Amino acid sequence: MHVAPVGGTAVQDHVALAEIELCGDLIIAASAAHEERLSLESIDEVLKVAEERTRGSDTGD
């Protein structure tokens, strides 16, 4: 049996961590929603889609 060593050897995948955080945000929003499902607009708001689009257009992307 192979056990990972204890200490500062953990590798962090920043993209995976960001995706996990976004999923958590969606779960929280869904549990607090009054309707049965989140609307597309609500999902975009939770994921801050409009902010990303604005930021992308500001940088010339």
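Bear in mind the structure is a predicted one, so any value in this text is a computation, not a measurement.

In terms of helices and strands, the protein carries three helices and zero strands. Along the protein, from the amino end to the carboxyl end, the secondary structure elements read α-α-α. Classification of the 61 residues of the protein by burial places 5% in the buried group. A total accessible area of about 5700 Å² is found for the protein, and carbon and sulfur atoms account for 59% of it.

Turning our attention to the confidence of the model for the protein. Per-residue pLDDT for the protein averages 82, and the proportion of residues at 70 or more is 77%. When pLDDT is averaged over each helix and strand of the protein, the minimum, 77, is found for helix α3 (residues 49–58) and the maximum, 93, for helix α1 (residues 14–32).

If you check α1, its first and last C-alpha atoms are 27 Å apart, about what 19 residues at 1.5 Å a residue would give, namely 27 Å. Where α1 starts, the residue carrying a side-chain oxygen 3.2 Å from the main-chain nitrogen of Val15 turns out to be Asp13.

Let's shift gears to the packing of α1 against helix α2 (residues 40–47). Contact pair α1 / α2: the axes reach a minimum separation of 9 Å and the direction vectors enclose 135°. Relative to α2, α1 is oriented oblique. In this structure, α1 crosses over α2, and the sense of that crossing is right-handed. Taking contact as the criterion, the partners of Leu22, Asp25, Leu26 and Ala29 in α1 are, on α2, Ile43, Val46 and Leu47. Taken together, the residues that form the contact of α1 with α2 break down as six nonpolar, no polar and one charged.

Definitions and cut-offs
- Residues numbered from 1 in each chain as written.
- Predicted model: local features only at pLDDT ≥ 70, side-chain atom pairs only at ≥ 80, totals over all residues.
- Heavy atoms only, no water.
- Helix = DSSP H or I, 4+ residues; strand = E, 2+ residues; numbered from the N terminus.
- Buried < 20%, exposed > 50% of the residue type's maximum accessible area, 1.4 Å probe, protein only.
- Areas by Shrake-Rupley, 256 points an atom, 1.4 Å probe, with all protein chains shown as cover.
- pLDDT = per-residue confidence, 0-100.
- Expected span 1.5 Å × (residues − 1).
- Polar contact = N/O pair within 3.5 Å; in protein donor to acceptor, adjacent residues only side chain to side chain.
- Axes fitted to C-alpha atoms, helices over the stretch in contact; angles between N-to-C directions.
- Parallel < 35°, antiparallel > 145°, perpendicular 65-115°, else oblique.
- Left-handed = near helix turned anticlockwise from the far one by under 90°.
- Contact = heavy atoms within 4.5 Å.
- Nonpolar A, V, L, I, M, F, W, Y, C, P; charged D, E, K, R; others polar.

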